[in-house]
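This is what each chain is made of:
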Amino acid sequence: QPLAGNGGWCCTFLAREDAILLGGRDRETSLLDIHTGKVVWKAKNIPPNNQTLLEYPIFTTAASFSNHDTNALAVGTAYKQVRIYDVRTNTKSSQRRRPVDMTNINGP
C-alpha cells in the first residue's frame, strides 16, 4: 500500500517481504529490513547535470511497488518526477541503484 509523505518523509510497508521503504527531503529512497533495521537497498541519484554539474534535488513524496513485479518500485517526488527503480538486492551495482526510467510530469 502506498503512503504519501508528511513533513518531508515518505514511507510504505511491504508486509510480504518484511521490509519498509523510507525516503524524503534530501533523503534518498532506502529499503530496510524490519527485523534487523539494516538497509538492504538504497537508491542512487541520477548523475549531475552535464552543463551545471549540480546534483538533482531529492524529495520523495510517495512510493509504491508494482503489483506484478515486487522488484519494480515507482517513486514520486515533490519536483513532479516519477522515478522507476529495479530494487533487486543481490547486486551492489550503482547502475542498478539509479532509476531505470524517469518521467517529468508537467502541469498545474
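Check the entry above for the structure.
Note that this is a predicted model, so its numbers are computed, not measured.

A.B. asks: Hey, could you go over the environment of Phe59 for me, with residue numbers and the actual values?
C.D. replies: On the secondary structure map, Phe59 appears in the loop between β4 (39-42) and β5 (60-65). Of the residues examined, Phe59 reaches a relative accessible area of 13% and is grouped as buried. Separated by 33 residues in the primary sequence, Phe59 and Asp26 have C-alpha atoms spaced 5.7 Å apart.

A.B. asks: Please set out the sheet that holds strand β6 (residues 72-77) residue by residue, giving values where relevant.
C.D. replies: One open sheet accounts for 4 strands, arranged β5-β6-β7-β8; its pairing is antiparallel. Every other strand in the sheet has two partners, leaving β5 and β8 (101-104) as the edge strands with one partner each. Between one strand and the next, the sheet's axes are offset by a mean angle of 15°, whatever the strand orientation. The sheet contact formed by β5 and β6 spans 5 bridges and is antiparallel. Across the sheet, residue Ala63 finds its bridge partner in β6, namely Val75.

A.B. asks: Which residues make up the pairing of β6, and what values do they have?
C.D. replies: Adjacent in sequence and paired antiparallel, β5 and β6 are bridged by 6 residues. With 5 bridges joining them, β6 and strand β7 (residues 81-86) adopt antiparallel strand pairing. By the bridge assignment, Ala72 is partnered in β7 with Asp86. Counting the residues in the hairpin turn of β6 and β7 gives 3 residues, including Lys80, whose phi is positive at 60°.

A.B. asks: Pulling in residues and values, what's your account of empty space enclosed by the protein?
C.D. replies: Applying the stated criterion across every chain, the model contains 1 cavity of 30 Å³ or more. Considering only enclosed or pocket space, the largest cavity measures out at about 40 Å³ in volume. Here the lining of the largest cavity is built from residues that sort into 5 nonpolar, 3 polar and 2 charged.

A.B. asks: Go over the packing of aromatic side chains with me, naming the residues and quoting the values.
C.D. replies: Scanning all chains against the criterion turns up 1 aromatic pair. Note on Trp41 and Tyr85: the rings are 5.5 Å apart at their centroids and 75° apart in plane angle, and the pair reads as edge-to-face. Of this pair, Trp41 sits in strand β4 while Tyr85 sits in strand β7, and the two are 44 residues apart along the sequence. The exposure class assigned to Tyr85 is buried, which follows from its relative accessible area of 1%.

The rules behind these values
- Residues numbered from 1 in each chain as written.
- Predicted model: local features only at pLDDT ≥ 70, side-chain atom pairs only at ≥ 80, totals over all residues.
- Heavy atoms only, no water.
- Helix = DSSP H or I, 4+ residues; strand = E, 2+ residues; numbered from the N terminus.
- Buried < 20%, exposed > 50% of the residue type's maximum accessible area, 1.4 Å probe, protein only.
- Pairing = 2+ DSSP bridges.
- Axes fitted to C-alpha atoms, helices over the stretch in contact; angles between N-to-C directions.
- 1 Å grid on protein atoms, 1.4 Å probe; cavity = no way out; pocket = protein on both sides within 12 Å on 5 of 7 lines; lining within 4 Å.
- Points joined across faces, edges and corners; volume = space filled by probe spheres on them.
- Nonpolar A, V, L, I, M, F, W, Y, C, P; charged D, E, K, R; others polar.
- Phe/Tyr/Trp six-rings, centres within 6.5 Å; stacked < 30°, edge-to-face > 60°.

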